[in-house]
Amino acid sequence: MASLTSSSTADDRFVFFFDIDNCLYSRNYKIHNLMHDLIDDYFEHHLSLDRANAIILHKRYYKDYGLALDGLIRHHKIDALEYNTEVDDALPLEDILKPDLELRSLLQKIDKTKVKMWLFTNAYVNHGKRCVRLLGIDDLFEGITYCDYAAEEGLVCKPKKEAFEKAMREAAVTDKSKCYFVDDSADNCKGATAFGWTAAHFVEDGLPEPATMASKFRVRHLKELTDVYPELFKE
C-alpha cells in the first residue's frame, strides 16, 4: 500500500473506495459473528451486565451510533484502544483469511492510470491492514481511511457525512462525481449516494435482496463491478 493513510497530492483520477469487512471477503467466513461475540463479551465484562442485557445494549448502540464503540465512549468513557485490543485485534484472522487469487485478479483489472484504489472502513487501521494483507491484496491500494479510535474529536464513521468528507480529504479528491464506492451496508450506500458518490450495494449471493435499492447499483458478486463501473476497468 503506497501510503497506508492518506495521499499528499491531488491528481485527476477517479477514486474507487472499497469497504473491507463482508465485502472484500465473504460473509460466509463468519468473522462478523466472531466480532459480535467479542463485543458482547466486552459489554458483559466491562459494564458488569448479564449476557442478555449486554446483547441488547450492544444492538442499541449500533443502531443509534453506527458503531457500538461510539456508544461505549459516549456513555461509559471506555478506552477505545483497549477495546480494539480485546475485540478487533483479538479476532483469529490468520486462521480464517487466506490469499484470494480471484479477488486479486479482479482488482488488477482496474485501470490504475485512471483510478486510485482506496480502502474505506469503519474498523481501526490495525484490522483493515491485517485483512487486506491476509487476502494478499494490500499492495493494490494507495491508502486507507479508517475510523480513528484514538481521535480526540470523537469517532467519525460511515454513514456520517463527515466520514465521506474525511475519505475525500485523505484520498486527495475534491470532485464527488469522481468518487465510486462499494459496501455491503445498505445504510452506508444510502449515505454515500446522498453525499453525491456513485455507490454499488454489495448483497452477497445467497442473501435476500432488499425490497428497495440502497444506491444506484446493486451487485451480487464483486466481479459484477466490471459491468456497473466499466469506465474504471481496463478495456
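Residues numbered from 1 in each chain as written. Predicted model: local features only at pLDDT ≥ 70, side-chain atom pairs only at ≥ 80, totals over all residues. Heavy atoms only, no water.

The protein chain has the name Pyrimidine 5'-nucleotidase in an unreviewed UniProt entry, where Dactylellina haptotyla is given as its organism.

*Asks:* Help me understand helix α7 (residues 161-170) in this model?
*Replies:* Of all the residues in α7, the buried ones are Ala 163, Phe 164, Lys 166, Ala 167, Met 168 and Glu 170. Once α7 ends, the next one or two residues include Ala 172, with phi positive near 55°. (Buried < 20%, exposed > 50% of the residue type's maximum accessible area, 1.4 Å probe, protein only. Helix = DSSP H or I, 4+ residues; strand = E, 2+ residues; numbered from the N terminus.)

*Asks:* Which parts of the structure should I look at to understand the sheet that holds strand β4 (residues 179-183)?
*Replies:* The strand order β3-β2-β1-β4-β5-β6 describes an open sheet built from six strands, whose pairing is parallel. Either end of the sheet is taken by a strand with one partner, and the two such strands are β3 (143-145) and β6 (217-219). Averaged over neighbouring strand pairs, the angle between their axes works out to 25° when direction is ignored. Here β4 pairs with strand β5 (residues 198-202) via four bridges, running parallel. Across the sheet, residue Val 182 finds its bridge partner in β5, namely Ala 200. (Pairing = 2+ DSSP bridges. Axes fitted to C-alpha atoms, helices over the stretch in contact; angles between N-to-C directions.)

*Asks:* How do you make sense of the packing of aromatic side chains when you look at a structure like this?
*Replies:* A complete count under the given rule lists 23 aromatic pairs for this structure. Taken together through their ring pairs, the aromatic side chains of Phe 14, Phe 16, Phe 18, Phe 141, Tyr 180, Phe 217 and Tyr 229 make up a single cluster. Positioned above the aromatic ring of Tyr 146, the side-chain terminus of Lys 166 is 5.4 Å from the ring centre. Sitting over the ring of Phe 195, Lys 176 keeps its end group 4.0 Å from the ring centre. (Phe/Tyr/Trp six-rings, centres within 6.5 Å; stacked < 30°, edge-to-face > 60°. Lys NZ or Arg CZ within 6 Å of the ring centre and 35° of its normal.)

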